[in-house]
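# Residue-level structure breakdown
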Amino acid sequence: MDILLAIKAIIMGLVEGFTEFLPISSTGHLILMGSLLDFTGPKSVVFKIVIQAGAMLAVVWEYRDRIARVFKGLGADPVQQRFARNVVIAFLPAAVAGVLFSSAITELLFHPVPVAIALVIGGILILYVERRNRLRPTAARVETVDDMSALDALKVGLAQSFALIPGTSRSGSTIIGGMLFGLSRKAATEFSFFLAMPTMLGATVYSVVKERALLSAADLPLFGLGFFSAFIAAFLCVRWLLRYISSHDFTIFAWYRIVFGILVLVTAHFGLVTWAE
């Protein structure tokens with residue numbers, strides 16, 4: 001394997017892992033980083049989706065005890081049955097929308113400038129939600145993921161559908177959407193983690209099957225490097241984020257999105273950086 005290509009794969013994996021579960025858009029960052037590293041093309045699109053499975057595996061490992069309880073309780077435990085049902089309900093809107101619109105979205109929006117615009121708009125929305133919470137603090141209607149109703153899950157699932165637009169952020173859509181719908185910050189964040197499992201697994205399988213003609217056995221080492229580095233970075237990020245939200249809001253991520261998005265737009269407009277399409 002080419003050493004430079006291997007380094008690029010590791011960098012892309014680290015970017016995926018460190019950004020997947022933060023409300024700053026991992027897809028957007030992968031598109032921008034891929035552009036800077038000249039890591040583009042049809043095969044790179046599949047690579048970016050496959051390494052998401054590495055980040056997903058980190059969540060599976062972190063919540064392995066809860067996942068085991070869910071599977072053990074599917075036959076008789078109403079709490080675990082309701083939780084599993086809610087994850088399925090929340091997964092369906094994005095799954096259907098992805099099958100129907102993913103090709104058009106990839107063609108039209110998987111480019112640096114649309115990503116930058118989405119980053120700025122998403123950051124402004126996060127600032128609005130956090131400001132509203134400060135000015136009009138109210139007790140969360142849903143304190144834990146086990147308190148969620150089917151309607152709560154559907155609303156969060158619909159919010160996740162907006163993350164098909166690159167730069168929006170899947171975690172940002174689900175967490176901020178969940179908070180708007182009455183979930184506590186902790187419940188919204190944890191449900192976002194659990195919802196990532198079927199969503200990212202489905203996206204990976206769908207992408208690999210759809211683009212299988214582009215792949216070969218020679219790609220396995222490259223994909224493996226990206227997968228492993230994404231797993232390590234996501235594992236560290238998930239543990240940090242759970243500690244962070246216990247005493248902080250998401251304002252810092254909003255400002256990061258806005259500043260980063262504006263920086264991309266300015267450099268693109270004045271030709272300071274050549275952002276590959």
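Residues numbered from 1 in each chain as written. Predicted model: local features only at pLDDT ≥ 70, side-chain atom pairs only at ≥ 80, totals over all residues. Heavy atoms only, no water.

### Overview of the environment of A118
Along the chain, the position of A118 falls in helix α6 (residues 112–135). Aside from chain neighbours lying at most four places away, what touches A118 is P166, G167, T168 and R257. (Helix = DSSP H or I, 4+ residues; strand = E, 2+ residues; numbered from the N terminus. Contact = heavy atoms within 4.5 Å.)

### Thoughts on unusual backbone geometry
In the Ramachandran plot, D38 falls in the positive-phi region, its phi being about 60° despite a non-glycine side chain. On the secondary structure map, D38 appears in the loop between α2 (26–37) and α3 (42–62). Of note, the phi angle at S169 is positive, near 95°, even though the residue is not glycine. Mapped onto the fold, S169 is located in the loop between α7 (150–161) and α8 (170–180). Overall, the relative accessible area of 3% leaves S169 in the buried class. (Buried < 20%, exposed > 50% of the residue type's maximum accessible area, 1.4 Å probe, protein only.)

### Some words on the pattern of salt bridges
A complete count under the given rule lists eight salt bridges for this structure. The salt bridge involving D219 is made with K43; its shortest N-O contact spans 3.3 Å. With D219 in the loop between α9 (185–210) and α10 (220–244) and K43 in helix α3, this residue pair connects regions lying 176 residues apart in the sequence. Given a relative accessible area of 10%, D219 falls into the buried group. Here K43 falls in the partly exposed class, since its relative accessible area comes to 33%. With its nearest N and O atoms 2.8 Å apart, the salt bridge here joins E62 to R239. Of this pair, E62 sits in helix α3 while R239 sits in helix α10; the two residues are 177 residues apart in sequence, bridging distant segments of the chain. Residue R239 is classed as partly exposed on the basis of its relative accessible area, which comes to 38%. (Salt bridge = Lys/Arg side-chain N within 4 Å of Asp/Glu carboxyl O.)

### Things to note about the nonpolar core
Residues F21, V59, M148, L183, F191, F193 and F250 are the most contacted members of the largest nonpolar core, which totals 45 residues. The greatest single-element share of this core, amounting to nine residues, is contributed by α9. The residues contacting F191, other than those within four sequence positions of it, are N86, V87, A90, V145, M148, A153 and V156. Counting residues in each nonpolar core, the second largest holds 13 residues, with V15, V50, L222 and A230 among its members. (Core = buried A, V, L, I, M, F, W, Y, C linked by side-chain atoms within 4.5 Å.)

### Quick word on the packing of aromatic side chains
Scanning the model with the defined rule gives twelve aromatic pairs in all. Aromatic pair F21 and F193: ring centres 5.4 Å apart, planes at 90°, arrangement edge-to-face. Highlighted residues: F21 in the loop between α1 (3–19) and α2 and F193 in helix α9, separated in sequence by 172 residues. According to the relative accessible area criterion, F21 is buried, its value standing at 0%. Judged by relative accessible area, F193 falls into the buried class, the value being 0%. Centroid distance Y244 to F253: 5.7 Å. Interplanar angle 65°. Geometry classified as edge-to-face. (Phe/Tyr/Trp six-rings, centres within 6.5 Å; stacked < 30°, edge-to-face > 60°.)

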